[in-house]
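Chain residues, written in single-letter form:
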Amino acid sequence: MTWAPHVTVATVVERDGRFLFVFEHAEDRVVYNQPAGHLEPGETLVEAAIRETLEETRWLVKPTALLSISLYNAPANGVTYLRHTFAAEALKEIPEQPLDRGIIEPRWLTRDELLACEAQWRSPMVLDAVDEYLSGKRYPLELLNPRRHN
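This write-up is about the structure you can find in this document.

Examining the overall build of the protein
Looking only at helices and strands, one finds three helices and seven strands in the protein. When its helices and strands are written in sequence order, the protein yields β-β-β-β-α-β-β-β-α-α. Radius of gyration (C-alpha) of the protein: 15 Å, near the 15 Å computed for a compact globule of 150 residues. Counting over 150 residues, the protein shows a buried share of 45%. Taking as baseline every contact in the protein between residues at least 6 positions apart, the subset at least 24 positions apart corresponds to 71%. Summed over all atoms, the accessible surface of the protein reaches about 8,400 Å², with 53% contributed by carbon and sulfur. Averaging the locations of the 16 positively and 23 negatively charged side chains of the protein gives two centres separated by 2 Å.

Re the environment of tyrosine 32
Positionally, tyrosine 32 belongs in strand S3 (residues 29-33). Considering only alpha carbons, one finds tyrosine 32 and valine 126, 94 residues apart in sequence, at a separation of 7.6 Å. Apart from the residues lying within four places of it in its own chain, the contact partners of tyrosine 32 are Phe21, Val22, Phe23, Arg107, Leu109, Cys117, Gln120, Trp121, Arg122 and Val126.

Thoughts on the pairing of strand S1 (residues 6-15)
As defined by bridge partners, S1 adjoins strand S6 (residues 80-93) across eight bridges and the pair is classed as parallel. Opposite valine 7, over in S6, you have leucine 82 as the bridge partner. Of the strand pairs in this sheet, S1 and strand S4 (residues 36-38) are connected by three bridges, and their pairing is antiparallel. Opposite valine 9, over in S4, you have glycine 37 as the bridge partner. Counted between consecutive antiparallel strands, the loop separating S1 from strand S2 (residues 18-26) contains two residues, among which aspartate 16 sits at a positive phi close to 55 degrees.

Some words on the nonpolar core
Membership of the largest hydrophobic core comes to 17 residues, with the highest contact counts inside it found for Val12, Phe19, Phe21, Tyr32, Leu114 and Tyr133. Residue assignment for this core shows that the elements contributing at least two residues are S2, strand S5 (59-73) and helix H3 (125-134). Of all the elements, H3 adds the most residues to this core, at five residues. If we skip the residues at most four places from it in the chain, valine 12 touches Phe19, Gln34, Leu67, Thr85, Phe86, Ala87, Ala88, Ala129 and Tyr133.

With respect to helix H1 (residues 45-57)
Given 3.6 residues per turn, any residue in an α-helix points the same way as the ones three and four places further on. Taking 1.5 Å per residue, 13 residues should reach 18 Å; H1 reaches 18 Å between its end C-alpha atoms and fits that length. Three or more residues of H1 are buried, namely Leu45, Ala48, Ala49, Arg51, Glu52, Thr53, Leu54, Glu56 and Thr57. Residues of H1 that are buried make contact with S1, S2, S4, S5, S6 and strand S7 (103-109). Positioned one or two residues after H1, arginine 58 has a phi angle of 75 degrees, which is positive.

Quick look at H3
Turning to H3, its buried residues number three or more, namely Met125, Val126, Leu127, Ala129, Val130 and Tyr133. For H3, the elements touching its buried residues are S1, S2, S3, S5, S6 and helix H2 (111-116). Positive phi appears at glycine 136, one or two residues downstream of H3, with a value of about 90 degrees.

With respect to the side chain of threonine 53
Residue position: threonine 53 is located in helix H1. Not counting the four nearest positions on each side in its chain, threonine 53 is found in contact with Thr11, Leu20, Pro35, Arg58, Trp59 and Val61.

Observations regarding the environment of glycine 136
By secondary structure assignment, the location of glycine 136 is in the segment after H3. Along the chain, glycine 136 and aspartate 16 lie 120 residues apart, while their C-alpha atoms are 16 Å from each other.

Some words on the pairing of S5
Along any regular strand, the residues point their side chains to alternate faces of the sheet. For S5 and S6, the ladder comprises 13 bridges, and the chain directions are antiparallel. In the sheet register, asparagine 73 faces S6, and the bridge partner there is threonine 80. Counting the residues that bridge the hairpin from S5 to S6 gives six residues, and of these glycine 78 lies at a positive phi of roughly 75 degrees.

Cut-offs and rules
- Residues numbered from 1 in each chain as written.
- Predicted model: local features only at pLDDT ≥ 70, side-chain atom pairs only at ≥ 80, totals over all residues.
- Heavy atoms only, no water.
- Helix = DSSP H or I, 4+ residues; strand = E, 2+ residues; numbered from the N terminus.
- Rg over C-alpha atoms; globule rule 2.2 N^0.38 Å.
- Buried < 20%, exposed > 50% of the residue type's maximum accessible area, 1.4 Å probe, protein only.
- Contact = heavy atoms within 4.5 Å.
- Areas by Shrake-Rupley, 256 points an atom, 1.4 Å probe, with all protein chains shown as cover.
- Lys, Arg positive; Asp, Glu negative; His and termini not counted.
- Charge placed at Lys NZ, Arg CZ, Asp CG, Glu CD.
- Pairing = 2+ DSSP bridges.
- Core = buried A, V, L, I, M, F, W, Y, C linked by side-chain atoms within 4.5 Å.
- Expected span 1.5 Å × (residues − 1).

Next comes the structure, spelled out in structure tokens:
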């Protein structure tokens, strides 16, 4: 059997000191996470970040920078995720956009409000991503070659 990590994307969207989170059902729990999901065939990482954020929060965003690329081995299912975390700007909410299955609602929280509900984080990556954003480190999106080679 061939091993391969699951390629995922996540966005950190900040507006007026609050961050956009997804409040969702996952692994028999109700948890907070960044808007995040899997890369689909034929799309770039940036396209996946835009799509996942819209599907999970109803917010159209514009990724502005890469924050990090990290590996996470999830203890709940033993899967290794290769996560690409982006900083993104909120452009507009699209109220008629249906939310993905399992999503309860999007929520805007401060870092302190997030800390107060630590037991409900989907993983430690939730706070890590906010702290990466707050550190001010940014990597240009051009680092990720968007060209498709067929």
